[in-house]
Each structure stands twice: as C-alpha cells, then as structure tokens.
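# Structural features, examined
Listed below, chain by chain, are the residues.
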Amino acid sequence: MIETFLNAAILKAAWPILLAGLGNTLALSLLVVPLGLAGGVVLALLSTVRVQWVRWPLMAWVDFFRAFPPLVLLIFLYAGLPFAGLEMGGFGCVAVAFFLNTGAYYGEVLRAGIESVPAGQIEAARSTGLSRLQALAHVVLPQAVRNVMPDLLSNTLEVVKLTSLASVVALPELLFQARQAQSLTYNPTPIVAAAVIYFLLLWPVVRLLSRLENRALAGRR
Amino acid sequence: MGNWDRFVETFFNAKVMAKYWPDILSGLFVTIELAALIVVTGLIAGLALALLRSLGIRPLNWLIVFVVDLFRALPPLVIIVLIYFGLPSVDLVPSGFVSTWISLALVLMAFAEEIFWAGITAVPRGQWEAARSTGLSFGQTLLGVVLPQALRITIPPLTNRTIAITKGTALGSVVAVSEILGQASSAVSNSYNPSPLTLGAAAYLVLFLPVVVLGRWIETRFAWKR
Amino acid sequence: MTPPAATPIVRATAIHKHFGALHVLKGVDLEVAERELVFVIGPSGSGKSTLLRCLNRLEEPSSGSVVVDGIDLLDPRTDINHARQRIGMVFQSFNLYPHMTALGNVTLALRKVAGRGRAEADAIGQAALARVGLADRAGHMPAQLSGGQQQRVAIARAIALEPRVMLFDEPTSALDPELVGSVLQVMRELRESGMTMVVVSHEMGFARAAADRVLFMDEGMIVEAGPPAQIFAAPAQERTRAFISQIKHH
C-alpha cells in the first residue's frame, strides 16, 4: 500500500517538480487574491449607491458569477474566446476568470460587512466634512473588514484552493505538476504528495477559521 | 460580414447549436443527477457526523474534526484527481462520475458538519436543561428540541455552501464525466466552433441562477427574523 | 416669534421635509444669532431632530432654504463638505469611530478635509481633547471610555474644526444619569466661550440655566418660542403647557 501511494523513490524524483508547482501555486494565489479583493471592494462600494439603475445590474452581475461555475468561465475564456480572435493565454484567462468570479464573492462578503456598520458612523463622518468616498474609505470599510474577517478569510481559503483549476489550462501549479509527474511514473505518489502539501499548507488556516467561527458564535449567544 | 454578424456566427451559430443541443441536454441531465446525489449524500453524511459529535466521545470527536479539516483544506479537484487516478493502483477503478460524486459529497459533508455543529452549539444550554427536566431523553431532546432550532440558523450558510460545492460538478469534465461542460468541450473540438460552450454556459445559468436567487431570498428572509 | 437683533448666523426659511407620504417639517423658520444658544424641545416625532439635521444637510429638505454663516447650503454649487466643517454636530449615540483612538477620531477630518499635516492635526486634536477634559485619554479606544467620555470626545471631534455653529442632537439621552453632568459641563463651558449652539434635548435644568431661547415643536411646526423662564413657567399655548407639565411630572 505504502509502496503504491507513498513510494519513496518516486517521491524523491518528483520532489523538485512538486516544489516548483508549490511555488507557482503560491505566486498565483498572491496574484489572484488581491485581484479578487480589488474587484470585491469596487462591487461593495457600488452596492452602497442607493440608485435602482446601479443596484439591479450590480445584483445581476454578482448573481451571474455566483451561478457560473468558475471552471466553465475559465474554459469559456480559454477555449471559446480565441474563436473571436481574443487569445489571452492560460495565465491571462486565469487572472480574468478569478477577477470576475472571486470578485463577486468578495463583493458579497464586503457588502454584508458594510451593511453591518451603523448608519451613524457615516453620518458622523459626513458631519465633519468628509466626502462620501472618504467616509467609506476611512470610517466604514475598516470596520466592515473587521466585522467580516472570518468570512473574508474563509473566502480567501476557497480562492487558494481554486487555483488548482489553473491546471486545466496547463499552468504549472501544484496539481498540474503532480499530474505530470504521475503520468510519467505511472504511480499516484506525486498526487498523494501534492494533496499532503495542500493540506499542510491550508490546515492552519482551517483551524484558525474554525476558532474564529466558534468565537463569533459564542459572542452572539 | 459585419463585426456583429461575425460575433453571432461564432458564438451563437444556429447550425452548430441545432446539431449539438441534444448533447448539451444529456449533459444537463448528468449534471442534475450528479448534483442531486452530492447534495443528498453530502448533507446526510454531514448531519450524521454532527450528531455523532454531539455525543461528546473525545477520540471520536478528534477524528471527526480531522476529517472535516481535511476536506475543508483540500481543493475539490485534487480530491477528484486523487480518487480517479489513485484508486486504480489498488485495483479499484471508480468511474469519473463516481469519483466526482464521492469527492464533492465528502467536501459538502465536511462543510455541512461544521455548519450543523455550529447550529447545535448555538442553541442555548437552557434548552437542553428545560427539555431534560421534563423527562425527555438525550435523543428526544436532540431531535425534538435542539435540532429544529439549529436547522433554522444553519439554513442560510448551508444553502450558499451547497450551491458553491454543487457548481463543482463541472470539475467532472476533467475526469471524463460527460456532464454539461464535458459535452460542450467535446462538441467545440468536433465542430471547431464555440457555440456549444455558449449553450453549456446557458444550461449552467438555467440550472444554478434560480438556486442563487433562492439563496439570496432565504438569506434576507432569515436575517429579518434574527 | 421675535427675530434676534443681530445678523443671524443660521437662517432657515420655510423648511419642508417629506419622508414619502409623511410630512415631517411643515414650513419651519429658524434664525439663530451669533453666540446664541437655542434650545429645542418637543415630543418624539415632532420633527426636532429632522430640523437639526437639515441645518447641516445630513437630511435634504424637500423645500426651503438654509443659510449658515453666509453659505447657502442648498445651492448645488456649494461645497457641502467644506461648509460642514463650520457646522459641528454631536449625536445621541456618539458615533465615535470604534477602530480609531480618541485622538484619531478628532484628527481624521482635520487631516482629510482641512488638509492639516499629521503633527499639526495631532496638536489641534490634543488641545480639543484638553478642552473637554480628556487630555489624558488621547490614546484610548472608544470601547475603553465611559459613555460620558465618549460623548466628550465626540464634542472634541466637532470643536477641533473650529465650527461657527454647534448642533446637539439629544447629546445626553443615551447616557447613564451619573454621566450626564460631565457632558453638560462641557456644553456650559462651550457656551461661555461664545459658541453659537442649537440643542435638541430634554435637559430642562440646563435649558433654564443656559438657553437664550427655547423653541417648542410639535407636529412639524414651531408652536411657541421665547426665553426659558416664559416657556417653562407661563407658556402661551395649550400644547406647550401640556408637554411641559408632562415632562415635569416625569
């Protein structure tokens, strides 16, 4: 069993390939998390505009990308758009797909955060002469982020996990590298190793989240 | 031919769509079947784990927490690939369909356990004490008093999580499941035209958009009552 | 009502405010002279808070005009954010920013709107906190302060911008009784320094001691106005009398 799933010789041979994949997974995460967050901040700020012709298209936009499986979006960009002469490459497609998909999710989380900040906060800021945008940036958003920290972290965990989709468009991240190594060696050890790496990388985050969620619950009681 | 015509010709090609819509439709049914299996088994397994955890048996709870953590930390696609490409090495050969089903059901189980457990612990101790003081057994209290209250708290987060995980059925295309995306992709390579992808995208929206809207409705409805 | 002699610093004319079908302000006129303290009383729902919030355009009047310190607040060309720095406001629920220290609360607008550098803003903020007796609390977070201290920080936040007028919206209503005195003391000192003030409150003792004029509002209109002695002891209107006796017997 161990011979099959955690073969030492194969692990040793595949190790550099896996490490390179891990590096790319981390780099990809460092790119797509801020990208999605930026998209989310824009959507959340737009959601504070109480005008119907902003609210409805915004809600439709967010719901559209929440209903659309991210892999379908990615494949559409990667395999569909080139027919229209728009070739973005695997990397560009991943960046755009994550911006759209995770932006919608971050936007929902931040919107809930903004709504959790009492209206008096923005009124106090406006009464001292801060503009709407200044009040949002300096007074509302910092509190909103703090209020939804567990949800933001949970979403970020999902985004990092989602980077494994990039393997489908041949970006050499951890899962892609593991599958390459597996098909070369006809042995599942590299995939098992990749899973272990993912787990060791993300377990602390899961533990932290579990604690934050429990604490939030205890606070509500 | 104008730009618009070329655009329509490319992404909304009537001839290609007419030829491949039965494929997409059969993909839609596979997706629905897969999604239904994942939701039912995942939620039941998650609830069962949460109930087991409420028994308070230490070593068992550690095991439950570890399993939950494991499937929260691993990317679903990694689990699918692991099962599909890994198990054959020990002469278990699950199909792509079964691999995807098991993987996503495990992931949903993990998230559902967390949410159910949070719901159970959110019910005040006084509820337990009141029920037990009237002579209800542990099981009766759990099922008759605590769980109904817990379920109410859990419905909004559970709905959102279930939608997000069920959307993962598209990952099945990676292991040759002929669900919507799989059908659409092979139709694209057969027809040299992306219109089947447009159809596929539409199929996903038809399937999931109502659920997302429903989820939003549930969220606001339950938020009012808190 | 008799208009004050000097040129008014606040002149609100024919203010109407509708919330949907609700007619909350029905043509209110209000003039406040420089260094005057106008006290507004009235039952809840009488529109007194809405009137106050129209004076810095936190609430948009449906019609009428508001001129403060020579600036027409409802003129679309007016830079409202600039104008609001001359109009301090203190809220019933303090509305301190919980993620900033007391000093941070006081200096935010100084830095972001008045364009002061950090060092200069900090010095002004420290002085404002000293004026409300909280020089030693500059580094505290709002959650570490009592309600009375929080409200005094909120006053410091407003006066640091050197406003020409201060609006108080039930500043002591959310406070425990033993903390009310410290806030009223700060308001009294502010008054003695010559600040123009409009105060919506139920603190009749403070009104008697410090107000130049008391307005009684009911159902979106100013029913009666006059010096505190007259309004409290011998109101001319039946509605005013009923309200005053109700408050006294409380």
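What you are looking at is a predicted structure, and each value in this text was computed from that prediction instead of being measured.

Before going further, it helps to spend a moment on the UniProt feature "domain: ABC transmembrane type-1" (unreviewed entry) in chain A. Following the UniProt record, the feature "domain: ABC transmembrane type-1" (unreviewed entry) maps to residues 22-210 of chain A here. The span residues 22-210 of chain A shows a helical share of 80% and a strand share of 0%, and its end C-alpha atoms are spaced 25 Å apart.

Turning next to the interface of chain B and chain A. Buried accessible area, meaning the area lost when the parts come together, often serves as the stated size of an interface. Facing 51 residues of chain B, the contacting portion of chain A comprises 53 residues. Interface area for chain B against chain A, summed over the two sides, is near 4,400 Å², with a carbon-plus-sulfur share of 70%. The largest contributions to the chain B side of the interface with chain A come from Arg72(B), Lys167(B) and Arg216(B), which together make up 16% of the buried area. Counting across the interface, chain B meets chain A through four salt bridges. Arg216(B) serves as the salt-bridge partner of Asp63(A), at 2.8 Å between the closest nitrogen and oxygen. Run the count over chain B and chain A and you get seven residue pairs in polar contact (both at pLDDT 80 or more). For the side of chain B that touches chain A, the elements supplying multiple residues, two or more each, are helix H1 (3-11), helix H3 (58-73), helix H4 (76-86), helix H5 (96-122), helix H7 (138-166), helix H8 (180-191) and helix H9 (195-225) of chain B. The residue makeup of the side of chain B that touches chain A, split by class, is 35 nonpolar, nine polar and seven charged.

What follows deals with the UniProt feature "transmembrane region" (unreviewed entry) in chain B. Residues and elements named next belong to chain B. Under the UniProt annotation, "transmembrane region" (unreviewed entry) lies at residues 24-51, 63-87, 99-123, 135-155 and 197-218. Spanning residues 63-87, this segment combines 88% helix with 0% strand, and its end C-alpha atoms are found 23 Å apart. Strand forms 0% of residues 99-123 and helix 96%; the C-alpha atoms that close the span are 36 Å apart.

Each regular strand shows side chains that alternate between the opposite faces of the sheet. All names here are of chain C. When you tally the buried positions in strand S7 (residues 165-169), you get five out of five residues, the bulk of the element. By the alternation rule, side chains of S7 split into Val165, Leu167 and Asp169 and Met166 and Phe168, which are all buried. In terms of strand pairing, strand S6 (residues 87-90) meets S7 through four bridges, oriented parallel. Within S7, the position partnered with Ile87 by the bridge is Val165. Between the parallel elements S7 and strand S8 (residues 196-200), the chain passes through helix H6 (residues 177-192) in a crossover that is right-handed.

Ranked by internal contacts, the top residues of the largest apolar core, which has 101 residues, are Leu18(A), Leu71(A), Leu74(A), Val94(A) and Leu181(B). Excluding residues that lie within four positions of it along the chain, Leu18(A) makes contacts with Leu174(A), Ala178(A), Pro190(A), Ala193(A), Ala194(A) and Ile197(A). Listed in part, the 87 residues of the second largest apolar core include Leu108(C), Ala109(C), Ala121(C) and Met204(C).

Attention now moves to the sheet that holds S8(C). Residues and elements named next belong to chain C. Pairing in this open sheet of six strands is mixed, and the strands run S6-S7-S8-S3-S9-S10 from one edge to the other. Each edge of the open sheet carries a strand with a single partner, namely S6 and strand S10 (221-226). Strand-to-strand twist of the sheet, defined as the mean angle between neighbouring strand axes without regard to direction, takes the value 20°. One ladder, built from five bridges, connects S7 with S8; its direction is parallel. In the sheet register, Val165 faces S8, and the bridge partner there is Thr196. Those strands touched by helix H5 (residues 147-159) are S6 and S7, and its axis lies near 170° from that of S6.

Pairing between side chains of opposite charge can happen when the charged atoms of each approach one another. In the structure shown here, the tally under the stated rule is 27 salt bridges over all chains. Of the charged contacts, one joins Glu158(A) and Lys161(A) as a salt bridge, the two residues approaching to 3.2 Å between their closest N and O atoms. Here the residue Glu158(A) and the residue Lys161(A) both occupy positions in helix H8 (residues 149-162), the gap between them amounting to three residues, near one helical turn. Residue classification places Lys161(A) among the buried residues on the basis of a relative accessible area of 2%. Through salt bridges with shared partners, one network takes in Asp63(A), Arg66(A), Glu108(A), Arg111(A), Glu115(A) and Arg216(B).

Okay, a nonpolar patch on the surface next. Nonpolar side chains collect at one region of the surface, where Trp21(B), Leu25(B), Phe29(B) and Ile32(B) lie side by side and expose about 400 Å² of accessible area between them. Turning to its location among the elements, Phe29(B) is positioned in helix H2 (residues 14-54).

This part covers unusual backbone geometry. The phi torsion at Tyr186(A) lies on the positive side, around 50°, for a residue other than glycine. By the secondary structure assignment, Tyr186(A) is in the loop between helix H9 (174-185) and helix H10 (189-220). Backbone geometry at Tyr192(B) places phi at a positive 55°, although glycine is not the residue there. Checked against the element boundaries, Tyr192(B) lands in the loop between H8 and H9.

Parameters and conventions
Residues numbered from 1 in each chain as written. Chains lettered and ligands numbered in written order. Predicted model: local features only at pLDDT ≥ 70, side-chain atom pairs only at ≥ 80, totals over all residues. Heavy atoms only, no water. UniProt positions renumbered as here; feature names shortened; annotations may be inferred. Helix = DSSP H or I, 4+ residues; strand = E, 2+ residues; numbered from the N terminus. Contact = heavy atoms within 4.5 Å. Buried area = accessible area lost by both parts, 1.4 Å probe. Salt bridge = Lys/Arg side-chain N within 4 Å of Asp/Glu carboxyl O. Polar contact = N/O pair within 3.5 Å; in protein donor to acceptor, adjacent residues only side chain to side chain. Nonpolar A, V, L, I, M, F, W, Y, C, P; charged D, E, K, R; others polar. Buried < 20%, exposed > 50% of the residue type's maximum accessible area, 1.4 Å probe, protein only. Pairing = 2+ DSSP bridges. Right-handed = clockwise from strand over helix to strand, strands pointing away. Core = buried A, V, L, I, M, F, W, Y, C linked by side-chain atoms within 4.5 Å. Axes fitted to C-alpha atoms, helices over the stretch in contact; angles between N-to-C directions. Patch = residues over 30% accessible without salt bridge, like charges linked within 9 Å, V, L, I, M, F, W, Y side chains within 5 Å. Areas by Shrake-Rupley, 256 points an atom, 1.4 Å probe, with all protein chains shown as cover.

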